[in-house]
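Residue-level listing of the chains:
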Amino acid sequence: MSGSFDAIVVGARVAGAATAMLLARAGARVLCVDRTRRGSDTLSTHALMRGGVAQLARWGLLAELEAAGTPPIRRNVFHYGTESSAVSIKPAAGVDALYAPRRTVLDAMLVSTAAAAGVSFRFGVTVKDLVRGENGDVVGVVLTDRRSGGRSERAGIVIGADGARSTVADLAQSPLLRSGFHASSVLYGYWSNFPSDGCEWFYHPHLTAGTIPTNDELTCVFIGGPPAAIAATIGSGTPATAFRQLAGAAGLGEHLASAVGVGPIRHVRGLPPGFLRSAAGDGWALVGDAGHWLDPISAHGMTAALRDAELLARAVLASGTSHSERCGALTGYQAERDRLSMPMMGVVDEIAGYTWDLDRIRVLLRQMSSAMTVEVEALAGLQPVA
């Protein structure tokens with residue numbers, strides 16, 4: 001690798017901070033930049049599936065997550081209309097519980113761990129452009145902040161971990177490989193004194209909901225549906241009014257009766273359908289939502305981000321110095337990312353379309369579970385990066 005840094009990672013949340021941490025632990029010189037302030041909150045389902053928890057355990061971070069007050073989740077309850085089915089979390093792949101951390105906890109933990117490994121962080125910094133070499137390869141970035149009109153930093157590779165609307169992907173002109181057709185609209189908020197026995201997932205025609213225990217003894221509660229239907233319910237009212245109106249139909253009425261709302265109800269809309277972009281090119285790569293976006297109804301975004309952070313870090317570290325070695329390693333990263341991602345994409349897109357009945361949603365969830373099992377097996381077979 002050549003340049004002031006071995007790698008520049010754009011985005012310091014789950015995918016970016018984890019990738020930077022793994023590279024630095026292996027001795028790479030890494031700069032990680034983010035346009036937001038350190039420790040800020042962001043939209044998230046909070047839920048980590050088994051593959052995501054397994055990654056944190058492999059990296060030695062699970063004890064810290066627990067120490068931050070993140071409650072273990074040992075039971076999932078699925079509600080299909082008036083029928084319910086409970087599934088206990090059985091020990092497997094080194095995991096005996098699931099977790100759903102607030103992003104102010106998880107992101108901050110990953111940043112601190114990466115900084116301790118030697119990553120240089122700059123917050124409040126925006127990528128203005130990519131720097132290209134004589135052959136057109138990406139060799140760095142142009143950064144700007146409130147005090148500077150533009151400063152270039154060079155690196156052996158630029159990694160975009162800057163979300164579904166990735167600036168790096170746009171500037172690199174990453175081709176779109178696959179796109180879905182549907183996107184959910186979501187109302188969500190937090191409650192204390194919430195009666196819960198693990199995570200609960202509710203499925204009704206044209207409506208989904210979930211209750212997810214998280215930090216500070218709070219439960220994140222969401223209701224999802226087709227954007228037009230959610231917008232029509234809100235009408236000229238407020239998200240909170242619409243949430244209360246939909247809660248009974250979603251099966252949440254009894255759960256919310258004794259709970260106390262904490263903070264506002266948020267309305268998440270305008271999300272893109274799921275997509276898969278080309279994962280890498282000459283001098284650049286994408287990780288997390290920047291390269292692979294799943295509708296949040298999947299609750300799989302953070303797990304996929306932690307998975308792909310390791311797959312990409314391994315590829316970068318194994319890529320050597322020649323152009324052919326680098327291309328081969330990054331091609332391998334994309335192939336494995338796509339192998340693990342593709343089976344989920346069609347399933348999640350159909351769920352986000354809300355045309356299923358209660359029999360069909362059971363089939364779709366079984367398919368999603370099968371895809372996650374393959375993911376866990378793939379991660380369990382990896383040797384440590386460093």
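For the structure, check the block above.
Here the structure is a predicted model, which is why all the values come from computation and not from measurement.

Rules used throughout
Starting from 1, residues in each chain are numbered consecutively following that chain's sequence as written. Residues qualify for local features only when their pLDDT is at least 70, as the model is predicted, and side-chain atom pairs are given and counted only at 80 or more; totals for whole chains, interfaces and linings, by contrast, use all residues. Just so you know, side-chain values use all the structure's heavy atoms and leave hydrogens and water out. Stacked, tilted and edge-to-face are the three classes assigned to paired rings of Phe, Tyr and Trp, where Trp is represented by its six-membered ring and a pair needs centres within 6.5 Å; plane angles under 30 degrees give stacked, over 60 edge-to-face, the rest tilted. With a 1.4 Å probe rolled over the protein chains alone, any residue whose accessible area is under 20% of its type maximum counts as buried; one over 50% counts as exposed, and the rest are partly exposed. Strands are treated as partners if at least two bridges between them are detected by DSSP. Segments assigned H or I by DSSP are reported as helices when at least four residues long, segments assigned E as strands when at least two residues long, and all are numbered from the N terminus. Note on definitions: a residue-residue contact is assigned when non-hydrogen atoms from the two residues lie within 4.5 Å. The angle between two axes is taken between their N-to-C directions and runs from 0 to 180 degrees, where each axis is a line fitted to C-alpha atoms and a helix contributes only its stretch in contact. Expected span of a helix: the number of residues minus one, times 1.5 Å. As used here, the arc belongs to the directions running from the helix axis to the C-beta atoms. Basic side-chain nitrogens of Lys or Arg form a salt bridge, by our definition, when they fall within 4 Å of a carboxyl oxygen of Asp or Glu.

Undergrad: What should I look at first to understand the packing of aromatic side chains in this one?
TA: Centre-to-centre distance and the angle between the planes together describe a pair of aromatic rings. Considering all chains together, one arrives at eight aromatic pairs under this definition. Their ring planes at 10° and their centres at 5.8 Å tell us that Phe-121 and Phe-123 sit as a pair that is stacked. On the basis of relative accessible area, Phe-121 is assigned to the buried category, the value being 19%. Taking the relative accessible area as the measure of exposure, Phe-123 reaches 25% and is therefore partly exposed.

Undergrad: Would you take a moment to explain the sheet that holds strand β15 (residues 275–277) for this structure?
TA: Through backbone hydrogen bonds, the strands of a sheet pair up, either in parallel or in antiparallel fashion. Ordered by their spatial adjacency, three strands build an open sheet running β9-β15-β18, and the pairing between neighbours is antiparallel. One side of each edge strand has no neighbouring strand; the edge strands of this open sheet are β9 (176–179) and β18 (292–293). Bridge analysis of β15 against β18 gives two bridges, and the strand direction is antiparallel. By the bridge assignment, Phe-275 is partnered in β18 with Trp-293. Of the strands in this sheet, β9, β15 and β18 touch helix α10 (residues 323–353), which is tilted by about 165° from β15.

Undergrad: What should I look at first to understand the environment of Trp-59 in this one?
TA: Relative to the elements of secondary structure, Trp-59 occurs in the loop between α2 (50–58) and α3 (62–67). Residue Trp-59 is classed as buried on the basis of its relative accessible area of 7%. On a C-alpha basis, the gap between Trp-59 and Met-368 in space is 25 Å, while along the polypeptide they are 309 residues apart. The contact partners of Trp-59, leaving out residues within four places of it in the chain, are Ala-18, Met-21, Leu-22, Arg-25, Leu-306 and Glu-310.

Undergrad: Just to check I follow, could you spell out the sheet that holds strand β3 (residues 75–80) for this structure?
TA: Pairing is mixed in the open sheet, where seven strands are placed in the order β4-β3-β11-β12-β13-β10-β14. Edge positions in the sheet fall to β4 (83–88) and β14 (260–268), since each of these pairs with one other strand and no more. Sheet twist, expressed as the average angle between the axes of neighbouring strands with direction ignored, equals 15°. The sheet contact formed by β3 and strand β11 (residues 199–204) spans five bridges and is parallel. The residue of β11 that forms the bridge with His-79 is Phe-202. The sheet contacts of helix α11 (residues 358–380) involve β3, β4 and β11, and relative to β3 the element is tilted by about 150°.

Undergrad: Where do I start with unusual backbone geometry in this structure?
TA: A negative phi angle is the norm for most residues apart from glycine, just as the trans form is the norm for most peptide bonds. Notably, His-206 is not glycine yet its phi reads approximately 70°, a positive angle. Phi at Ala-299 takes a positive value of approximately 55°, unusual for a residue other than glycine. Topologically, Ala-299 is positioned in the loop between β18 and α9 (301–317).

Undergrad: I tried to follow helix α7 (residues 239–250) on my own but got confused; where do I start?
TA: Every α-helical turn comprises 3.6 residues, leaving residues that sit three or four positions apart pointing alike. Compared with an ideal rise of 1.5 Å per residue, which puts 12 residues at 16 Å, α7 spans 15 Å between its outermost C-alpha atoms and is within 8% of the ideal. Listed in full, the buried residues belonging to α7 are Ala-242, Phe-243, Leu-246, Ala-247 and Ala-250. Down the axis, α7 shows its buried residues gathered within 145° of arc, on one side only. Turned more than 90 degrees from where α7 packs its buried face, Arg-244, Gln-245 and Gly-248 sit exposed. Two residues or fewer after α7 comes Gly-251, characterised by a positive phi angle close to 95°.

Undergrad: Please explain the pattern of salt bridges as it appears in this structure.
TA: Any two side chains of opposite charge can pair, on the condition that their charged atoms come close. According to the stated counting rule, one finds 17 salt bridges in the structure shown. Residue Arg-29 is joined to Asp-6 by a salt bridge in which the shortest nitrogen-to-oxygen separation is 2.7 Å. Here Arg-29, found in the loop between α1 (14–25) and β2 (30–34), pairs with Asp-6, found in strand β1 (residues 5–10); they are 23 residues apart in sequence, far enough to count as distant. Here Arg-29 falls in the partly exposed class, since its relative accessible area comes to 39%. What makes Asp-6 buried here is its relative accessible area of 10%. The residue Arg-307 makes a salt bridge to Asp-308 at a minimum N-O spacing of 2.7 Å. With relative accessibility at 0%, the residue Arg-307 sits in the buried group. Here the residues in one salt-bridge network are Arg-13, Arg-103 and Asp-107, joined through shared partners.

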